[in-house]
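Architecture and fold: a report
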Amino acid sequence: MNLIIEERGTFIGLKSERLQFRVEGQPLKEVALRDLETLSIVTSAASISVEAIRACARFGVQIDLLDGLGDPYAKITSPYLVGTVTTRRAQMLAYTTSKGLEVAKHAVRARLKNQANLLRYFGKYRREADPAAFASIEEALPLLQALEAELDTLQAPHVDAARDFLLSVEGRGGVVYWGAIAALLPSDLGFPGRLGRGANDPVNACLNYGYGILYSQAAGALSTAGLEPFAGFLHTDRPGKPSLVLDFVEGFRAAVVDRAIIATLGRGWRPDFENGKLVPASRKRLAEAVLNRLDARDTHKGKRFRLKSIMVAQARSLALFLRDEGEYPVYVASW
């Protein structure tokens, strides 16, 4: 399970391999460490004991610290769970070879495929209920397929020689995809198109917050697989920018966050804002929606797994691919 701490004044302690957390004036709550996978703290007014941190590290519980926008700014894990050198050496060497280019192409292909399948998912019952939205989806799907076909024409020695091409394909895909999503969204949301950090319209604010949670999950999966989250291929390196995380989540944005947020908004829920930012109750609702989606099951390699487990498996496949020990297939969500 995932534990989210949103309340100000929360103290997190330990008693007999159980985390205890208390907010002043509220009953004491606790959870067994064996049942916990991640602890997300989304408030600056909370404290956690050293004993609780040590126990989380021992049980492999990842502690994520996120700001009010959902962006992770710190992560606490045991160094012994990610202490592999071979994988990171292979990761660094791949950047200058065709193997690194394949990882970058994988990110774009996974994004396009999952965007297309999410549109198919939302379009299943729209033919009669919303003909205009259905028509937008039908128009978008062949365009996304054509962009994916462009990837097959790419020939380059390494990713630096192909990045402009790849980003062009990705960008044009985003225009097509978000144009179709706009047709699906209720008109009262006033969706202006996809905007990044700092957006204060309801849809983009919710998406950006959800992506922050996804980044934390992805960073944990990559670190556990022995990979360096800050050394990517498609996304360029920059201090403080987890470029491999950004590469890796391209295959999960639509399947996890977009699906959860669009469905939540489509059912009539609307976020509340204060001083241009999501209020704590809205952030909690969004976190629950994204984490519940990560707990949902999908088919991967012929079996049913939770989406968070598929992320872990994909991270391990990436590590194996970089070490020349296995393949890195594209995960495509069911629709």
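What follows covers the packing of helix α9 (residues 253-266) against helix α10 (residues 280-295). It is the contact of α9 with α10, at a shortest axis distance of 9 Å, that shows an interaxial angle of 130 degrees. By the angle class used here, α9 and α10 are oblique. The hand of the α9/α10 crossing is right-handed. On α10, the residues that touch A255, V256, V257, R259, A260, I261 and T264 of α9 are R285, L286, A289, V290, R293 and L294. Of the residues that constitute the contact of α9 with α10, the class distribution is 9 nonpolar, 1 polar and 3 charged.

The next subject is the environment of G196. Mapped onto the elements, G196 comes out in the loop between α6 (163-184) and α7 (202-224). A relative accessible area of 39% means that G196 is categorised as partly exposed. Between the C-alpha atoms of G196 and L207, which are 11 residues apart in sequence, the distance is 8.8 Å.

So, about the layout of surface pockets. Within this model, the largest pocket holds a volume of roughly 920 Å³. Taken together, 43 residues line the largest pocket, and the ones lying closest to its centre are D71, Y211, G212, Y215 and L246. Looking at the lining of the largest pocket, the elements that each hand over two or more residues are β8 (72-76), α3 (98-123), α6, α7, α8 (243-248), α9 and β10 (277-278). Considering every element that reaches the lining of the largest pocket, the biggest residue donor is α7, with 8 residues. The space that makes up the second largest pocket amounts to roughly 450 Å³. Together, 24 residues line the second largest pocket, and E37, G60, Q62, T224 and V312 are the ones closest to its centre. Where the lining of the second largest pocket is concerned, the elements lending two or more residues are α1 (50-58), α7 and α11 (307-322). Considering every element that reaches the lining of the second largest pocket, the biggest residue donor is α7, with 6 residues. Its residues assigned to classes, the lining of the second largest pocket shows 9 nonpolar, 11 polar and 4 charged.

Turning next to unusual backbone geometry. The backbone phi angle of S16 is positive, close to 55 degrees, even though this residue is not glycine. Among the structural elements, S16 can be located in the loop between β2 (10-14) and β3 (18-23). In this structure, D324 takes a positive phi of about 60 degrees despite not being glycine. With respect to the helices and strands, D324 occurs in the segment after α11. A relative accessible area of 61% places D324 in the exposed class.

Quick look at the sheet that holds β3 now. Taken together, the 4 strands give an open sheet; going across it, the order is β4-β3-β2-β6, and neighbouring strands pair in mixed fashion. Every other strand in the sheet has two partners, leaving β4 (29-32) and β6 (46-48) as the edge strands with one partner each. With strand direction ignored, the average angle separating the axes of adjacent strands in the sheet is 15 degrees. As defined by bridge partners, β2 adjoins β3 across 5 bridges and the pair is classed as antiparallel. Across the sheet, residue I12 finds its bridge partner in β3, namely F21. Against the sheet, α1 engages β2, β3 and β6, with an angle of about 60 degrees to β2.

What follows is about the environment of P79. By secondary structure assignment, the location of P79 is in the loop between β8 and α2 (86-94). Considered as a pair, P79 and A57 are 22 residues apart in the sequence and their alpha carbons are 8.7 Å apart.

About the thresholds
- Residues numbered from 1 in each chain as written.
- Predicted model: local features only at pLDDT ≥ 70, side-chain atom pairs only at ≥ 80, totals over all residues.
- Heavy atoms only, no water.
- Axes fitted to C-alpha atoms, helices over the stretch in contact; angles between N-to-C directions.
- Helix = DSSP H or I, 4+ residues; strand = E, 2+ residues; numbered from the N terminus.
- Parallel < 35°, antiparallel > 145°, perpendicular 65-115°, else oblique.
- Left-handed = near helix turned anticlockwise from the far one by under 90°.
- Contact = heavy atoms within 4.5 Å.
- Nonpolar A, V, L, I, M, F, W, Y, C, P; charged D, E, K, R; others polar.
- Buried < 20%, exposed > 50% of the residue type's maximum accessible area, 1.4 Å probe, protein only.
- 1 Å grid on protein atoms, 1.4 Å probe; cavity = no way out; pocket = protein on both sides within 12 Å on 5 of 7 lines; lining within 4 Å.
- Points joined across faces, edges and corners; volume = space filled by probe spheres on them.
- Pairing = 2+ DSSP bridges.

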